[in-house]
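# Geometric and topological summary
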Amino acid sequence: MAMIDVIRADEMSRFDRCAMDDCTGVVFDLSRNRSRKYCSTTCTNRAAVAAYRARQSE
Ligand SMILES: [Zn+2]
């Protein structure tokens, strides 16, 4: 495989769908450890609230 293909494949792997179920946003993860899951801070906050509520209801 040519080096340019490796780079392109790596770049494409940075694109992912937002982990929020009802969101169709696209995540472009530039972080080194690929830790980004949500397209925006709005989704990140909603996920945090949902996780908090889930813990409370247990
Ligand atoms: Zn989102």
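Residues numbered from 1 in each chain as written. Predicted model: local features only at pLDDT ≥ 70, side-chain atom pairs only at ≥ 80, totals over all residues.

Confidence in the prediction of the chain, expressed as mean pLDDT, is 86, and 98% of residues score 70 or more. Helix H1 (residues 3–12) is the least confidently modelled element of the chain, averaging 75 in pLDDT, while helix H2 (residues 41–56) averages 95, the highest of any element. (pLDDT = per-residue confidence, 0-100. Helix = DSSP H or I, 4+ residues; strand = E, 2+ residues; numbered from the N terminus.)

Looking at the secondary structure, you find Ala 47 in helix H2. Measuring from C-alpha to C-alpha, the distance between Ala 47 and Met 20 comes to 7.0 Å, with 27 residues separating the pair along the chain. With residues near it in sequence (within four places) discarded, Ala 47 still touches Met 20 and Tyr 38. (Contact = placed C-beta atoms within 7 Å.)

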